[in-house]
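Structural overview for review
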Amino acid sequence: MLSGWSTKGKYACPCCGPDPCSKRLKNGGKWCYIYHRRFLPPGHNWRNLKEAFNGKKEKRGVPRQMTGDEIAQQLAQFEQVEFGANAKQAKLGGPAQYRWMYPIERYLRTLKAYVRNKACSAGCMAEGQLMDESLILISRHFESVEMRFNQLDRNEDGSQESTEELSVFKQSGRPIGSRNGRYINEAELTQIQLYVLQNCDEVRQYEEEHEATLAGERNAAKRHTKEFPKWFRRKIYELKKNNNCQVSKELLSLAGGPCREAVSFNGYIINGYRFHTFKWERRRNTQNSGVCVDSGAEDADFYGRVTEIIEVQYAYGYRVLLFKCEWRDIIRLGCRQDQYGFTCVNVNRSSWEDEPFMTPSTTGFLFEG
């Protein structure tokens, strides 16, 4: 191998490193690699199979991953290559992709595919390239036809301008994955109703009015959080009864609260980001469940992961899409910046269990290392 790693013998596996899964046969003297059951998930049925393997149960975990310093020490003993020379080349020549031959070789493969007569290979390439460029030129005049030049990006949400007046009813983005029915329990219903009201700009004047009625009383903040949804419903119904022109159909629907029946999705695309639920991404190699919400205060963002994507229904067909999240505890455990500028958050403890919901339009993508 170019790195100097031996591909035979006891330490042939670069993933195992100094803790190999190899065994030398007594009679033949060859090295065999028969302990790879340790890479299986804990509790896998094959870990307990004795007869089918080496007659033993496999209780060990995966081998320890080598650190960067350990790899550097091994490479220091490799004298065939001078490490560090590529850094100088990159500084002088710029990014490697602009100096590679791979794009040119791939394009040569495209030109060779045009050849139908090997006696006139150059002419076939010229005619094929001319035909391809002609088709591209003509296709650009068909704006209503989807082609590779005008198709949407993979994470394009394809949302159009909403006609709803209330900000919480202005849907953007598009769901992905299966669509499943879901029933909202009493605790979730209270949390959703309070969150939607507190994050609707048009309801802010009613919040201030309710806070003014509780000013000076004991536990005013807690009482406002608990009593505001019911007070808001009575207020809007009373204004509607008096034929107040300020009460629109959307505001009346919002005051009534969400329905018990909801719809859940496995993923959602918004603002150029693709989000998956944590359960759905466990069978994938990519990670798209991390979220980060700007709190408005310096160094006080909220970090978490999406556990559910729920679309709640309101009266008159209005809908609100919400992310149900598991938030990290950054108050007691805090977060810090590492030497590379990445934010490190303790993922073993959660917080804010009583405020799990958020709107996807307010979130940014987060990768949990």
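Our subject is the structure that appears above.
I will try to describe carefully the structure that is included in this document. (Residues numbered from 1 in each chain as written. Predicted model: local features only at pLDDT ≥ 70, side-chain atom pairs only at ≥ 80, totals over all residues. Heavy atoms only, no water.)

Let us look at the overall build of the protein. Counting secondary structure elements, the protein contains 9 helices and 13 strands. Counting the 369 residues in the protein, one finds 29% classified as buried. Put simply, 52% of the contacts in the protein that link residues at least 6 apart link residues at least 24 apart. As displayed, the protein offers around 25,800 Å² of accessible surface, 51% of which is attributable to carbon and sulfur atoms. (Helix = DSSP H or I, 4+ residues; strand = E, 2+ residues; numbered from the N terminus. Buried < 20%, exposed > 50% of the residue type's maximum accessible area, 1.4 Å probe, protein only. Contact = heavy atoms within 4.5 Å. Areas by Shrake-Rupley, 256 points an atom, 1.4 Å probe, with all protein chains shown as cover.)

Size it by volume and the largest pocket reaches roughly 1,100 Å³. As for the largest pocket, its lining consists of 38 residues, and the residues nearest its centre are Q191, L194, Y195, N199 and F357. Elements supplying a minimum of two residues to the lining of the largest pocket: α5 (186-198), α7 (220-241), β4 (261-270), β8 (319-328) and β12 (357-358). Per element, the largest residue contribution to the lining of the largest pocket is 8 residues, and it comes from α5. Residues belonging to the lining of the largest pocket are distributed by class as follows: 17 nonpolar, 13 polar and 8 charged. (1 Å grid on protein atoms, 1.4 Å probe; cavity = no way out; pocket = protein on both sides within 12 Å on 5 of 7 lines; lining within 4 Å. Points joined across faces, edges and corners; volume = space filled by probe spheres on them. Nonpolar A, V, L, I, M, F, W, Y, C, P; charged D, E, K, R; others polar.)

Moving on to the pairing of β8. Counting buried positions along β8 gives 8 out of 10 residues, so the element sits mostly inside the fold. When strand β7 (residues 302-313) meets β8, the two strands line up antiparallel, connected through 9 bridges. Each bridged residue has a counterpart across the sheet, and for Q313 the counterpart in β8 is R319. The antiparallel pairing of β7 with β8 creates a hairpin that spans 5 residues between the two strands, and Y316 there sits at a positive phi of about 65°. With 2 bridges connecting them, β8 and β12 associate as antiparallel partners. Within the sheet, the bridge partner assigned to K324 lies in β12 and is F357. Pairing of β8 with strand β11 (residues 350-351), which is carried by 2 bridges, proceeds in the antiparallel orientation. Across the sheet, residue R328 finds its bridge partner in β11, namely S350. (Pairing = 2+ DSSP bridges.)

Residues Y206, F232, L254, V312 and F323 are the most contacted members of the largest nonpolar core, which totals 44 residues. The set of elements that each furnish at least two residues to this core consists of α5, α7, α8 (249-256), β4, β6 (290-293), β7, β8 and β12. Once residues lying within four places of it in the same chain are set aside, the contact partners of V312 are I184, I192, P258, A262, Y318, R319, V320 and L322. (Core = buried A, V, L, I, M, F, W, Y, C linked by side-chain atoms within 4.5 Å.)

It is worth spelling out the environment of I269 at this point. In this fold, I269 is placed in strand β4. In this structure, the C-alpha to C-alpha distance between I269 and R174, residues 95 residues apart in sequence, is 5.4 Å. Apart from the residues within four sequence positions on either side, I269 is in contact with R154, N155, E156, D157, G173, R174, I176 and R274.

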